[in-house]
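# Remarks on the overall topology
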Amino acid sequence: MLQTQGLGKQFLLHLQGGLRIPVLDHVDLQVQAGECVALVGPSGAGKSTLLRSLYGNYRADTGHIRVRHEGEYVDIARAEPRLVVQVRSRSLGYVSQFLRVVPRVPALDIVADAARDMTQAQARARAAALLLRLNIPKRLHGLPPATFSGGEQQRINLARGFIGRHPILLLDEPTASLDNANRDIVVAMIREAKQDGVAIIGIFHDTEVRDAVADHLYHVTAMQDS
Amino acid sequence: MSDETLLSARGLTLSFGAIPALVDVDADLWPGEVLAVVGESGSGKSTLLNVLSGRMAPQSGVVWYRDPARHLHDVHAMPQPALRALHRSDWGFVHQNPRENLRMGVSAGGNVGERLMAHGSRHYGQIREHAIDWLEQVEIDARRVDDLPRTFSGGMLQRLQIARTLVTHPRLVFMDEPTGGLDVSVQARLLDLIRGLVRRLNIAAVLVTHDLAVARLLAHRIMVMQRGRVVESGLTDQVLDDPQHEYTQLLVSSVLQA
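If you're wondering where the values come from, they're calculated on a predicted model, not measured in any experiment.

### Notes on the overall build of chain A
A count of helices and strands for chain A gives eight helices and ten strands. Taking 17 Å as the expected radius of gyration for a compact globule of 226 residues, we find that chain A reaches 18 Å, a close match to that expectation. In terms of principal-axis extent, the alpha carbons of chain A reach across some 55 × 35 × 35 Å. Within the span of chain A, comprising 226 residues, buried residues form 41% of the whole.

The following block contains the structure:
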């Protein structure tokens with residue numbers, strides 16, 4: 001579903017006198033449908049950078065990122081921006097660590113907005129069901145999430161990521177600010193998505209969560225500064 | 001995915017005396033897509049908007065527009081009446097200052113209905129009904145339909161301008177700092193409104209803004225301008241989160257985090 005080949009990434013910081021920070025080099029990983037690959041490695045090794053590159057949020061400098069999109073493979077590292085927009089809309093979902101949304105929009109609308117291939121009424125019903133499953137009580141659905149706790153915001157983000165039912169899902173620390181009960185719910189949701197054939201690549205700091213969902217580990221190693 | 005652009009510009013160049021406002025600028029816009037143009041004051045972004053929309057002629061370069069029948073038009077070679085007709089039908093323009101677009105001596109409903117009449121509607125009852133429907137879509141109380149715009153707040157005026165612009169269902173809207181000059185509390189609501197309308201009506205838009213957060217929330221793609229040149233362009237979140245050009249890195253790192 002997703003495969004990288006010789007993926008490399010460095011940051012060039014013009015404002016720091018052209019400082020070059022190499023982060024990724026020769027990353028070759030792949031994930032099949034119904035499979036979960038966990039990115040592992042010490043803090044600062046480049047796990048988040050890798051995940052963001054797979055989504056096209058960061059620009060890969062070298063190599064390929066082939067993503068299955070409507071029966072064909074699109075190279076995210078090279079595709080035109082508007083094609084990447086299409087791939088994200090239909091094939092590739094991403095749950096970031098932080099919620100970034102238009103202020104003053106209610107939680108339910110934020111989640112329903114990310115649904116696809118359904119009517120507005122269906123999207124709202126599905127969004128409400130997902131939020132309830134993630135223990136966001138009904139009284140919060142109509143409120144904008146800016147004032148919610150970190151864990152609540154993360155669950156809004158998860159609901160938003162899962163409602164799109166993308167065939168490929170990237171998860172950046174999806175359980176980082178959750179208590180045990182909510183963590184178990186997210187683990188169950190990830191397992192169900194796998195059963196539905198979703199290919200998942202994620203960063204799971206929590207080893208229990210990782211053991212519960214991951215089929216393979218991909219080790220990201222920190223590069224030496226050149 | 002359609003491969004045919006709605007609007008294409010090549011080699012746009014324009015100087016004001018010794019000051020370059022546009023230097024060899026290319027731009028493409030596809031149907032249903034929002035393109036943000038960002039940069040500081042004097043970067044040429046508003047000039048680009050004026051040239052793309054035919055309001056200002058470039059010294060060299062060309063702007064192509066593809067009409068619904070897929071005929072291509074050289075925007076700057078069109079006769080004035082044809083260009084004006086285009087601005088009344090397929091296109092819309094949202095100014096930073098809504099007073100530039102609104103008729104302050106005409107009621108709110110009249111401001112919206114007038115566009116429909118220019119578009120060919122003649123039935124007074126239907127026009128009024130349609131105008132009221134649009135006032136509600138931009139969250140203006142229907143009871144204000146007969147009030148003059150001068151009794152409206154800045155945020156309401158901006159929403160009225162948006163209703164007046166979108167009532168004829170344009171395919172392409174040019175927006176010049178649509179949230180500029182408004183209170184922050186009003187901005188958020190307006191952003192959400194624009195985002196919803198653009199998506200629901202599948203409108204393509206060129207959005208000029210100096211506010212990177214506005215670009216992030218509304219635009220699929222972004223172009224960064226400096227001294228009349230496009231220094232970087234691409235996916236909005238990629239350009240903002242992983243800027244490659246020195247100037248973009250400076251812009252992004254200069255934003256205050258609230």
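### Re the overall build of chain B
Counting its regular elements, chain B contains nine helices and ten strands. What you see for chain B is a C-alpha radius of gyration of 18 Å, in line with the 18 Å of a compact globule of 258 residues. Counting across all 258 residues of chain B, residues that qualify as buried make up 45%. In chain B, once contacts between residues fewer than 6 apart in sequence are set aside, the share between residues at least 24 apart is 63%.

### Structural notes on the confidence of the model for chain B
Per-residue confidence for chain B gives a mean pLDDT of 91, with 98% of residues at or over 70. Among the scores for the predicted complex, ipTM is 0.91 and pTM is 0.91.

### Thoughts on the interface of chain A and chain B
Taken together, the contact between chain A and chain B spans 16 residues of the former and 22 residues of the latter. Here the residues of the side of chain A that touches chain B sort into nine nonpolar, four polar and three charged.

### Remarks on the environment of B:Gly105
All names here are of chain B. Mapped onto the secondary structure, Gly 105 falls in the loop between strand E6 (91-94) and helix H3 (108-118). A count of 10 C-beta atoms within 10 Å places Gly 105 in the exposed class. Remark: the alpha-carbon pair of Gly 105 and Thr 165, spanning 60 residues in sequence, is separated by 18 Å.

### Focus: the packing of H3(B) against helix H4 (residues 124-137) of chain B
Residue and element names in this part refer to chain B. At their nearest, the axes of H3 and H4 sit 9 Å apart, and the two run at 120° to each other. Taken together, the axis directions place H3 and H4 in an arrangement best described as oblique. As H3 runs across H4, the sense of the crossing is right-handed. For the pair formed by H3 and H4, the contact residues are Ala 108, Gly 109, Val 112, Gly 113, Leu 116 and Met 117 on the first element and Ile 127, Arg 128, His 130, Ala 131, Ile 132, Trp 134 and Leu 135 on the second. Considering only residue class, the contact of H3 with H4 consists of nine nonpolar, three polar and one charged.

### A closer look at the sheet that holds strand E10 (residues 216-219) of chain A
Residues and elements named next belong to chain A. Ordered in space as E7-E8-E9-E4-E10, the five strands form an open sheet in which the pairing is parallel. At either margin of the open sheet sits one strand with a lone partner, and together these are strand E7 (92-95) and E10. This sheet shows a mean twist of 20° between the axes of neighbouring strands, independent of strand direction. Taken strand by strand, helix H6 (residues 150-163) contacts E7 and strand E8 (168-172), and its axis lies near 175° from that of E7.

### So, the sheet that holds strand E9 (residues 221-226) of chain B
Residue and element names in this part refer to chain B. If you walk across this open sheet you meet the six strands as E6-E7-E8-E3-E9-E10, and the pairing is mixed. Edge strands, defined here as strands with exactly one partner in the open sheet, are E6 and strand E10 (229-235). Taking each pair of neighbouring strands and ignoring which way they run, the sheet shows an average axis angle of 15°. Pairing of strand E7 (residues 172-176) with strand E8 (residues 204-209), which is carried by five bridges, proceeds in the parallel orientation. Of the residues in E8, the one forming a bridge with Val 173 is Ala 205.

### Considerations on the pairing of E9(B)
Residues and elements named next belong to chain B. E9 sits mainly inside the fold: six of its six residues count as buried. Neither face of E9 is open: one carries Arg 221, Met 223 and Met 225, the other Ile 222, Val 224 and Gln 226, and all of them are buried. Relative to E9, strand E3 (residues 34-38) runs parallel, the two sharing four bridges. Each bridged residue has a counterpart across the sheet, and for Ala 36 the counterpart in E9 is Ile 222. Two strands pair when backbone bridges link them, and E9 and E10 are joined in this way by six bridges, in the antiparallel orientation. Within E10, the position partnered with Arg 221 by the bridge is Leu 235. If you look at the hairpin formed by E9 and E10, you'll find two residues sitting between the two strands, and Arg 227 has a positive phi there, around 45°.

### Here we look at helix H1 (residues 47-55) of chain A
Residues and elements named next belong to chain A. With nine of its nine residues buried, H1 lies for the most part within the structure. The complete set of buried residues in H1 reads Lys 47, Ser 48, Thr 49, Leu 50, Leu 51, Arg 52, Ser 53, Leu 54 and Tyr 55. Count one or two residues on from H1 and you reach Gly 56, which has phi positive near 85°.

### Things to note about the environment of B:Glu4
All names here are of chain B. Structurally, Glu 4 is set in the segment before strand E1 (7-16). Given 10 C-beta atoms within a 10 Å radius, Glu 4 is considered exposed. Residues Glu 4 and Ala 69, 65 residues apart in the sequence, show an inter-C-alpha distance of 12 Å. Those residues in contact with Glu 4 that lie beyond four places of it in its chain are Arg 66 and Arg 70.

Calculation rules
- Residues numbered from 1 in each chain as written.
- Chains lettered and ligands numbered in written order.
- Predicted model: local features only at pLDDT ≥ 70, side-chain atom pairs only at ≥ 80, totals over all residues.
- Helix = DSSP H or I, 4+ residues; strand = E, 2+ residues; numbered from the N terminus.
- Rg over C-alpha atoms; globule rule 2.2 N^0.38 Å.
- Buried ≥ 20, exposed ≤ 12 C-beta atoms within 10 Å, placed from the backbone.
- Contact = placed C-beta atoms within 7 Å.
- pLDDT = per-residue confidence, 0-100.
- Nonpolar A, V, L, I, M, F, W, Y, C, P; charged D, E, K, R; others polar.
- Axes fitted to C-alpha atoms, helices over the stretch in contact; angles between N-to-C directions.
- Parallel < 35°, antiparallel > 145°, perpendicular 65-115°, else oblique.
- Left-handed = near helix turned anticlockwise from the far one by under 90°.
- Pairing = 2+ DSSP bridges.

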